[in-house]
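Each chain is listed here by its residues.
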Amino acid sequence: MKIIPNCTLLLLLAISLLATSCTKDGDLNVFSVEQELELGRQTDAEIRSMPGEYPILERSAYPQAYAYLQGMVDEIVREGQVSYADEFPYTVTLIDSDVENAFATPGGFIYVYTGLVATLETGDELAGVLGHEIAHAARRHATNQLTKQYGFSTLVSLVTGSSDPGLLGRVAGSLLSLQFTRSDEKEADDYSVDYLCQTNYAANGAAGFFEQIQDQPSPPAFLSSHPSPANRVEDINARADDKNCSTLTSDRVDFQAFQARVTN
Ligand SMILES: [Zn+2]
């Protein structure tokens, strides 16, 4: 169904049923924060049930690599004053594959492919990518999109438990092929700068990453799943400059040790 573009009307209809929020853009998001987290858990379980498609590097087998990576996420979330820091786990998982990509599901579950780690040169670039993915979760881009894609009434039946039991799994499955809009991508880039500006990482780390991958002969997965305006690098650098953020490279040595542990 098509969503009536009148957020106020839908809010009035929904308010007795469940907690519903409109984003700052007037988008309707049918999911409560708790439901968003549950959807993330469901999707995480789905990912872990498909080791052929998502071969996960187990935390227990790579304790030092995970300590570095999770430490970076924790620092960005804490210093960057990321939304839902108390509600979402902001946990990060490594997927052992040549795919040059990273993604986040609702509720703050972040996934990074070792193929992407292999293309990076500094911890700042990794922090930039993580900041971008954290922003997708913190700004609730996926559930905003789902609300548009599935329609309001379908999702109301889902979140009130009156739908058929398979629907949540199908919605969780469709998250894995979700495309963000260009404005979501721009916002995630902006927030990556804003978060990193509060940390010791170079605030324009994400720009370094885009520079690394944009010269490749075939577009890496990150670009095919992330619409890429040509001026993305310039926009990130300009925002860091406007906000007087440090863009000095902070971490190369620790990153290279991490990279060596998870790639070969
Ligand atoms: Zn993105």
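Residues numbered from 1 in each chain as written. Predicted model: local features only at pLDDT ≥ 70, side-chain atom pairs only at ≥ 80, totals over all residues. Heavy atoms only, no water.

Q: Can you walk me through the pattern of salt bridges in this structure?
A: Two side chains of opposite charge can pair, provided their charged atoms sit close to one another. Overall, the coordinates contain eleven salt bridges when judged by the stated rule. Between Asp-194 and Arg-239 there is a salt bridge, and its shortest N-O distance comes to 2.8 Å. Remark: Arg-239 occurs in helix α12 (residues 232-242) and Asp-194 occurs in helix α9 (residues 182-197); sequence separation between them is 45 residues. By relative accessible area, Asp-194 is classed as buried at 16%. Here Lys-243 makes a salt bridge to Asp-194, at a shortest N to O gap of 3.5 Å. Here Lys-243 is found in the loop between α12 and α13 (253-262), whereas its partner Asp-194 is found in helix α9, with 49 residues between them in sequence. (Salt bridge = Lys/Arg side-chain N within 4 Å of Asp/Glu carboxyl O. Helix = DSSP H or I, 4+ residues; strand = E, 2+ residues; numbered from the N terminus. Buried < 20%, exposed > 50% of the residue type's maximum accessible area, 1.4 Å probe, protein only.)

Q: I'm lost on the pairing of strand β4 (residues 91-95) in this one. Help?
A: Side chains on a regular strand alternate between the two faces of the sheet. Counted residue by residue, β4 has four buried out of five residues, so it is predominantly covered. Pairing analysis gives two bridges linking strand β3 (residues 56-57) to β4, with the strands arranged antiparallel. Within β4, the position partnered with Ile-56 by the bridge is Ile-95. Pairing geometry for β4 and strand β6 (residues 109-113), over five bridges, is parallel. Counted as the bridge partner of Val-92 is Ile-110 from β6. (Pairing = 2+ DSSP bridges.)

Q: Just to check I follow, could you spell out the packing of aromatic side chains for this structure?
A: The geometry of an aromatic ring pair is captured by two quantities: the separation of the ring centres and the angle between the planes. This structure, assessed with the given rule, holds nine aromatic pairs. Judged by centre distance (6.2 Å) and plane angle (45 degrees), the rings of Phe-103 and Tyr-113 are tilted. One end of the pair, Phe-103, is in strand β5 (residues 102-105); the other, Tyr-113, is in strand β6, with ten residues separating them in the sequence. Comparing Phe-103 with Tyr-113 shows no difference in burial state: the two are buried. By the ring-pair criterion, three or more aromatic residues cluster together here, those being Tyr-54, Phe-103, Tyr-111 and Tyr-113. (Phe/Tyr/Trp six-rings, centres within 6.5 Å; stacked < 30°, edge-to-face > 60°.)

Q: Is there a simple way to explain the packing of helix α3 (residues 63-79) against helix α5 (residues 123-138) in this structure?
A: Two packed helices can be described by the angle between their axes and the distance between those axes. Their axes nearest at 10 Å, the elements α3 and α5 cross at an angle of 60 degrees. On the basis of the axis angle, α3 is oblique to α5. The handedness of the crossing between α3 and α5 comes out as right-handed. Residues Tyr-68, Leu-69, Met-72, Val-73, Ile-76 and Val-77 of α3 pack against Gly-123, Leu-126, Ala-127, Leu-130, Gly-131 and Ile-134 of α5. Class assignment of the residues belonging to the contact of α3 with α5 gives a composition of ten nonpolar, two polar and no charged. (Axes fitted to C-alpha atoms, helices over the stretch in contact; angles between N-to-C directions. Parallel < 35°, antiparallel > 145°, perpendicular 65-115°, else oblique. Left-handed = near helix turned anticlockwise from the far one by under 90°. Contact = heavy atoms within 4.5 Å. Nonpolar A, V, L, I, M, F, W, Y, C, P; charged D, E, K, R; others polar.)

Everything listed here is a matter of geometry and, on its own, says nothing about what the molecule does.
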